[in-house]
Amino acid sequence: GQNIDQPTEMTATEGAIVQINCTYQTSGFNGLFWYQQHAGEAPTFLSYNVLDGLEEKGRFSSFLSRSKGYSYLLLKELQMKDSASYLCAVRRNTGFQKLVFGTGTRLLVSP
Amino acid sequence: NAGVMQNPRHLVRRRGQEARLRCSPMKGHSHVYWYRQLPEEGLKFMVYLQKENIIDESGMPKERFSAEFPKEGPSILRIQQVVRGDSAAYFCASSQGNEKLFFGSGTQLSVL
């Protein structure tokens, strides 16, 4: 089976740094995705990791450790518009984009 | 370049009626996925289609649910004889090959 765990909710202050963790258990691992979803809107792609290490893209970075089944999304210089749900999703070795999503972490950024 | 277009955004049906959800993928994308999101739950894979072919429908209930992606026109997710438990947000996503998914804004289905 597959299991993806991430915290339900987090709060942070504007300008701060926040780290959202995701742990997973799956066979045939073939990549981990992070998506951002504002309430009532489409999930939008943030990052993709398939090899161990850190991928940096502007204010957002994502880290993966395959041996530990662990990833995190790091958001720096938080802005109010970063208040959203952050979805961790795992792809298995099926050859297409059949992703297994966690329940998402609702991030609230306060002034 | 328009993104993934879904309609309607909101759909209200009474128990026993049919629901039809439409999805037009991004231009140039030939792979369509449908996901369902229940309140307080993660997105759940339902079905993966390419033009005129269902590739994987392992996440779709065996009864009342069907999906198609015809040669011309949008992909359709059809739910017959809806029940209250079908109330959810249904998201369509498209990709070109094995690239990342682009999601539509979803259809919120409410069954009365």
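Here the structure is a predicted model, which is why all the values come from computation and not from measurement.

A. Main features of the pairing of strand 6 (residues 53-57) of chain A. Residue and element names in this part refer to chain A. Sheet topology note: the strand 6/strand 7 (residues 60-65) ladder contains five bridges and is antiparallel. Each residue of the ladder has a partner; that of Glu55, found in strand 7, is Ser62. In this antiparallel pair of consecutive strands, strand 6 and strand 7, the connection spans two residues, and Gly58 shows a positive phi of 65 degrees.

B. Representation of the nonpolar core in the model. Grouped together as the largest cluster of nonpolar side chains are 23 residues, with contacts concentrated most on Trp34(B), Met46(B), Leu77(B) and Tyr90(B). If you list the elements that add at least two residues to this core, you get strand 3 (19-24), strand 4 (31-37), strand 5 (43-50), strand 7 (65-68), strand 8 (75-79), strand 9 (88-95) and strand 11 (107-111) of chain B. Val18(A), Phe29(A), Leu73(A) and Val90(A) belong to the second-largest nonpolar core, a separate cluster that totals 21 residues.

C. Seen up close, the sheet that holds strand 3 (residues 18-25) of chain A. All names here are of chain A. Here we have five strands laid out as an open sheet, ordered 1-3-8-7-6, and antiparallel in their pairing. Every other strand in the sheet has two partners, leaving strand 1 (3-5) and strand 6 as the edge strands with one partner each. Each strand axis lies, on average, 15 degrees off the axis of its neighbour in the sheet, ignoring direction. In terms of strand pairing, strand 1 meets strand 3 through three bridges, oriented antiparallel. Pairing of Asn3 across the sheet is with Gln25, part of strand 3.

D. Region of interest: the sheet that holds strand 3 of chain B. Residue and element names in this part refer to chain B. Overall, antiparallel pairing links the four strands, which are arranged 1-3-8-7 in an open sheet. Looking at strand neighbours, the two that pair on one side only are strand 1 (5-7) and strand 7, the edges of this open sheet. Neighbouring strand axes in the sheet, compared pairwise and without regard to direction, differ in orientation by 15 degrees on average. Bridge analysis of strand 3 against strand 8 gives five bridges, and the strand direction is antiparallel. Bridge pairing in strand 8 links Ala19 to Ile79.

E. Here's a closer look at the confidence of the model for chain A. Taken residue by residue, chain A gives an average pLDDT of 93. The fraction at 70 or more is 97%. When mean pLDDT is taken per element in chain A, strand 8 (residues 70-75) of chain A scores highest with 98 and strand 10 (residues 99-101) of chain A scores lowest with 91.

F. Geometry of the pattern of salt bridges. All names here are of chain B. All told, the structure shown has seven salt bridges over all chains when counted by the stated rule. Residues Arg20 and Glu18 are paired through a salt bridge, measuring 2.9 Å at the closest nitrogen-oxygen approach. A relative accessible area of 30% places Glu18 in the partly exposed class. Taking the shortest distance from any N to any O, the salt bridge between Glu18 and Arg78 comes out at 2.9 Å. In this pair, Glu18 is assigned in the loop between strand 2 (10-13) and strand 3 and Arg78 in strand 8, connecting sequence segments 60 residues apart.

G. Molecular detail of the state of the cysteines. Residues and elements named next belong to chain A. On inspection of all chains with the given rule, the structure shows two disulfides over all chains. There is a disulfide in this structure between Cys22 and Cys88, and the S-S distance comes to 2.0 Å. Across the S-S bond linking Cys22 and Cys88, the dihedral sits near -70 degrees, which makes this disulfide left-handed. With Cys22 in strand 3 and Cys88 in strand 9 (residues 84-92), the pair connects residues that are 66 residues apart, well separated along the chain. When sorted by exposure, Cys22 lands in the same class as Cys88, which is buried.

H. The arrangement of the interface of chain A and chain B in detail. The partner chain B presents 21 residues to the 19 residues of chain A that form the contact. Buried surface at the junction of chain A and chain B, summed over both partners, amounts to about 1600 Å²; 55% is from carbon and sulfur atoms. Linking chain A with chain B are one salt bridge. A salt bridge links Lys98(A) to Asp56(B); the shortest N-O distance between them is 3.2 Å. The tally of links from chain A across to chain B stands at eight residue pairs in polar contact (both at pLDDT 80 or more). Of all the elements in the fold, those that place two or more residues in the side of chain A that touches chain B are strand 4 (29-37), strand 9 and strand 10 of chain A. It is strand 4 of chain A that provides the largest number of residues to the side of chain A that touches chain B, a total of three residues.

How each quantity is defined
Residues numbered from 1 in each chain as written. Chains lettered and ligands numbered in written order. Predicted model: local features only at pLDDT ≥ 70, side-chain atom pairs only at ≥ 80, totals over all residues. Heavy atoms only, no water. Pairing = 2+ DSSP bridges. Helix = DSSP H or I, 4+ residues; strand = E, 2+ residues; numbered from the N terminus. Core = buried A, V, L, I, M, F, W, Y, C linked by side-chain atoms within 4.5 Å. Buried < 20%, exposed > 50% of the residue type's maximum accessible area, 1.4 Å probe, protein only. Axes fitted to C-alpha atoms, helices over the stretch in contact; angles between N-to-C directions. pLDDT = per-residue confidence, 0-100. Salt bridge = Lys/Arg side-chain N within 4 Å of Asp/Glu carboxyl O. Disulfide = S-S within 2.5 Å. Contact = heavy atoms within 4.5 Å. Buried area = accessible area lost by both parts, 1.4 Å probe. Polar contact = N/O pair within 3.5 Å; in protein donor to acceptor, adjacent residues only side chain to side chain.

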